[in-house]
Amino acid sequence: MSSPHVIVIGAGLGGLALAQGLRQAGIEVTVYERDTSLTARRQGYRLHLDAHARDALLRLLPPRLFELFLATAGTPNPQFVLLDDQLNHILTQDTPEEPAHFAVDRLVLRQILLAGLEDIVRFGTRFQRYEIGSQGRVTAYFADGSHAGGDVLVAADGVNSAVRGQYLPHARIMDTGVRQLYGTIPLSDRTRPLFDDRMLGIFTAITGQDGTFVGVAPVQFPERPQQAAARLAPELRLPPVSDYMTCSFGARREWFGDADTRLRSMSGQELHAIITDAVRTWHPRVRKIIAACDPASVFALPLRTSIPVAGWATTQVTLLGDAIHAMSPAAGAGACAALRDADRLTTALRTAAAGHDLLNALRAYESEMIDYGFAAVRAGASNGQRFLGQDPLPDEQPAASA
């Protein structure tokens, strides 16, 4: 076929990375995002990226933006560490230094991914439904009454994907039973001594005796993002963020009791008070770590995961990232999988643009994505059950009936 026009629903990591790859390939693409801006709501802080994600960004981004990514991506110690609430060592899982691991700031990476796409990203446009016409064209309809037509519709709209709800209604998302509160600790001369070398790896979990846990992980920039952008992409204004530690607290929903239903509406100060009380008998250094966490940065999220599904009949609608394989953060693989999806889907659409059958190209992408995506879902569920007290995954869902 001639070069397809691609409609992407969602301007998260996967959606923007896909748009970057398609623009590099000369394929027409438009991205529709329900939020009014990248900063309209809190979505987290630190992201773990692996070598698959790095290589995907190498292929998807223009060279100067990939160099900017490397300039702002920290390299934590290649290990996962488990400590008890008195900071006694329980477990260390070493990870080979190669393939590489990176710790990046989510907003910095999203702004890098948005660079150069401002003319094709439509913020404040909420997707409602789609239709596939008799000629194979897909039309997306939006809440403001507008619509857009294209040859391919990509669901990149996250764990609550409206596209998935229409396209694969049997593909379910489950509550893992765990709630997590996220915040940040700016690294300064005062706070750096709170963290020893064991806490500067990919992730360090500190476990309480009542099923609670505190997690810490570093984001240390090789070069300050604003300085790196001034050197490599002067038109890009990255946030004035400095080195920090992510600090999270988690527990089963039952632990929170009546507060569980109110967590999402609580202020950062209220959530910080919950964590402070929870660690009151822990090691003094843990208590100081929590005291150093910025209350204004703290917010709550329920941990959810997709339930793996068998393949489906390929059409002009496809999916990537959390829209199809949302996963527990316990494997540190969610962002990695989304960027890998964007890379593989870009390759599929380039194949179609070169004259090959579109559905065959999409089918090849979906087959590969289902394999590695749901393998990561299962790994995250297994780690989450072992270390965080998550509910186990139920049996795999069957394929949708024809």
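Residues numbered from 1 in each chain as written. Predicted model: local features only at pLDDT ≥ 70, side-chain atom pairs only at ≥ 80, totals over all residues. Heavy atoms only, no water.

Describe the sheet that holds strand β1 (residues 6-9), and please don't skip the residues or the numbers.
A sheet is described by the order of its strands in space; here five strands give the open sequence β7-β2-β1-β11-β17, paired in parallel fashion. Bordering the open sheet on either side are β7 (121-123) and β17 (317-319), each of which pairs with just one other strand. In this sheet, adjacent strand axes meet at a mean angle of 20° when their direction is disregarded. By the bridge criterion, three bridges tie strand β11 (residues 152-155) to β17 in an arrangement that is parallel. Within β17, the residue paired with L153 across the bridge is V317. (Pairing = 2+ DSSP bridges. Helix = DSSP H or I, 4+ residues; strand = E, 2+ residues; numbered from the N terminus. Axes fitted to C-alpha atoms, helices over the stretch in contact; angles between N-to-C directions.)

Help me get a handle on empty space enclosed by the protein, residues and values and all.
Scanning the entire structure with this criterion turns up one cavity of 30 Å³ or more. In this structure, the largest cavity encloses a volume near 40 Å³. If you trace the largest cavity, you find it lined by R164, A171, R172, I173, S306, I307, V309, A323, I324 and F374. When grouped by side-chain class, the residues that make up the lining of the largest cavity number seven nonpolar, one polar and two charged. (1 Å grid on protein atoms, 1.4 Å probe; cavity = no way out; pocket = protein on both sides within 12 Å on 5 of 7 lines; lining within 4 Å. Points joined across faces, edges and corners; volume = space filled by probe spheres on them. Nonpolar A, V, L, I, M, F, W, Y, C, P; charged D, E, K, R; others polar.)

Please give an account of the packing of aromatic side chains that cites residues and values.
For the structure on display, the rule yields 12 aromatic pairs. Taking the centre distance of 6.4 Å and the plane angle of 0° together, the rings of F80 and F203 count as stacked. One end of the pair, F80, is in strand β4 (residues 77-84); the other, F203, is in strand β13 (residues 201-207), and 123 residues separate them in sequence. Residue classification places F80 among the buried positions, given a relative accessible area of 16%. (Phe/Tyr/Trp six-rings, centres within 6.5 Å; stacked < 30°, edge-to-face > 60°. Buried < 20%, exposed > 50% of the residue type's maximum accessible area, 1.4 Å probe, protein only.)

Describe the environment of G149, naming the residues involved and giving the relevant values.
One can find G149 in strand β10 (residues 147-150). As a C-alpha pair, G149 and A73 span 76 residues in sequence and 37 Å in three-dimensional space. With residues near it in sequence (within four places) discarded, G149 still touches H5, I7, R137, V138 and T139. (Contact = heavy atoms within 4.5 Å.)

Give me the lowdown on the UniProt feature "domain: FAD-binding" (unreviewed entry) in the chain, citing residues and values where you can.
According to UniProt, the positions carrying the feature "domain: FAD-binding" (unreviewed entry) are residues 122-376. From the first C-alpha to the last, residues 122-376 spans 31 Å; its make-up is 32% helix and 27% strand. (UniProt positions renumbered as here; feature names shortened; annotations may be inferred.)

An account of the sheet that holds strand β8 (residues 127-132) is needed here, citing residue identities and associated values.
Spatially, β8-β9-β10 is the arrangement adopted by the three strands of the open sheet, whose pairing is antiparallel. Two strands lie at the open edges of the sheet, namely β8 and β10, each paired on one side alone. Each adjacent strand pair in this sheet contributes to an overall mean axis angle of 20°, direction not counted. Looking at chain direction, β8 and strand β9 (residues 138-142) are connected through five bridges and run antiparallel. Pairing of F127 across the sheet is with F142, part of β9.

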